Each structure stands twice: as structure tokens, then as C-alpha cells.
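Each chain, letter by letter, is given below.
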Amino acid sequence: MAVLDSIADVKRFMQHLTSAAHKADSILVLEDISDNMTGGQSKRKNTGSDGSTPMLKFFARLGGLRVEFIIHTNQTYLNYRYQSGIAHDEYEVRRLFDTGVTEILFPRDIYYMDLSSFRASQLHKFRQLIESS
């Protein structure tokens with residue numbers, strides 16, 4: 001993850017990344033580019049993810065490795081950390097519950113838990129932690 005000052009700096013970073021690979025005679029392929037930093041909706045389909053979270057996300061394939069890059073400006077990073085409904089900590093809670101992982105780990109017939117109310121209480125708890133920090 002990188003945080004840069006402006007969208008112009010983000011574009012300059014990507015140009016530098018590709019030109020540095022070229023100068024090093026290395027093959028670099030950028031894949032699955034998702035850019036909604038200027039207000040568009042992302043095409044992300046990950047469970048629990050909010051497509052309106054502004055960021056530039058892509059994968060760079062280099063020498064057999066596939067590296068994920070998430071790039072923010074100062075403003076989009078603050079939104080990513082703190083904005084209600086899309087903050088990353090809230091995303092992690094939503095993803096844990098919405099993927100069905102909690103149902104597998106804590107089956108109702110054994111634990112007798114109401115996971116939907118537990119999900120809501122965890123989201124509320126994490127929102128309080130975000131706002132108090």
C-alpha cells in the first residue's frame with residue numbers, strides 16, 4: 001500500500017514503476033487495474049467490499065510473482081481508514097460474516113449464537129473504536 005499526495009503523483013508512480021522495470025530488462029505486466037480515485041464506482045466484487053471506496057488497485061506480475069498494489073492519496077487514505085460504512089476495519093468485519101466463515105466456525109446447532117445480531121454489534125464496536133481513536 002502506498003499513500004501519495006495527489007492523483008498526479010499516483011500516475012507518476014505508475015509510470016516510474018513500468019519504466020524502472022523496462023530499464024532493468026524485466027517484464028512487468030499490470031493486471032486487474034481498478035481505479036475509482038476520481039469518483040467512479042469500482043468493479044470489485046469481493047464479499048463485504050464497498051465499490052465506492054476510492055483507491056487505485058492493481059496487480060503487477062513480475063518474474064513469476066503477482067504483487068498487489070493499493071494506492072491512495074492522502075484524502076482517499078483518510079476515507080479508507082475512517083469514513084463510516086467503508087472504513088477498512090468495518091470491511092473486515094463485514095467480510096468475516098458475509099462470506100459465511102462465522103457460520104462454519106460457529107455452527108448454530110453447537111453455539112446457539114445469533115450471528116446477525118453479533119455482526120451488527122461488532123460493526124458498532126469497530127465504528128466506536130474508529131471514532132474514539
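Residues numbered from 1 in each chain as written. Predicted model: local features only at pLDDT ≥ 70, side-chain atom pairs only at ≥ 80, totals over all residues. Heavy atoms only, no water.

## A short note on the environment of Asn79
Looking at where Asn79 falls in the secondary structure, it is placed in helix α2 (residues 74-82). Taking the C-alpha atoms as reference points, Asn79 and Thr53, separated by 26 residues in sequence, lie 7.6 Å from one another. Each residue touching Asn79, except ones within four places of it in the same chain, is listed here: Pro54, Ile86 and Ala87. (Helix = DSSP H or I, 4+ residues; strand = E, 2+ residues; numbered from the N terminus. Contact = heavy atoms within 4.5 Å.)

## A word on the packing of aromatic side chains
This structure, assessed with the given rule, holds 5 aromatic pairs. With 4.9 Å between their ring centres and 5 degrees between their planes, Phe58 and Phe69 make a pair best called stacked. Placement of the pair is Phe58 in strand β3 (residues 56-62) and Phe69 in strand β4 (residues 65-73), with a sequence separation of 11 residues. Here Phe58 falls in the buried class, since its relative accessible area comes to 0%. One aromatic cluster in this structure is built from Phe13, Phe58 and Phe69. Over the face of the ring belonging to Phe59 we find Arg66, whose NZ or CZ atom lies 3.8 Å from the ring centre. Across the ring face of Tyr82, the terminal group of Arg81 is positioned such that the distance to the ring centre comes to 5.6 Å. (Phe/Tyr/Trp six-rings, centres within 6.5 Å; stacked < 30°, edge-to-face > 60°. Buried < 20%, exposed > 50% of the residue type's maximum accessible area, 1.4 Å probe, protein only. Lys NZ or Arg CZ within 6 Å of the ring centre and 35° of its normal.)

## Regarding helix α1 (residues 7-23)
The end-to-end C-alpha distance of α1, which contains 17 residues, comes to 24 Å, matching closely the 24 Å that a straight helix rising 1.5 Å per residue would cover. Taken together, the buried residues of α1 touch β1 (2-4), β2 (28-35), β3 and β4. Asp25 sits one or two residues past α1 and shows a positive phi near 55 degrees. (Expected span 1.5 Å × (residues − 1).)

## Side note on the environment of Thr53
Along the chain, Thr53 turns up in the loop between β2 and β3. A C-alpha to C-alpha distance of 6.3 Å links Thr53 and Ile86, two positions 33 residues apart in sequence.

## Some details on the pattern of salt bridges
Summed over the entire model, instances satisfying the criterion amount to 8 salt bridges. Taking the shortest distance from any N to any O, the salt bridge between Arg66 and Asp32 comes out at 2.4 Å. Taken together, the residues Arg66 in strand β4 and Asp32 in strand β2 connect sequence positions 34 residues apart. Among the residues examined, Asp32 registers a relative accessible area of 52% and is labelled exposed. Ionic pairing is found between Lys57 and Glu68, a salt bridge with its closest N-O pair at 3.1 Å. With a gap of 11 residues between them, Lys57 in strand β3 and Glu68 in strand β4 connect regions that are remote in the sequence. Lys57 sits in the buried class, given a relative accessible area of 15%. (Salt bridge = Lys/Arg side-chain N within 4 Å of Asp/Glu carboxyl O.)

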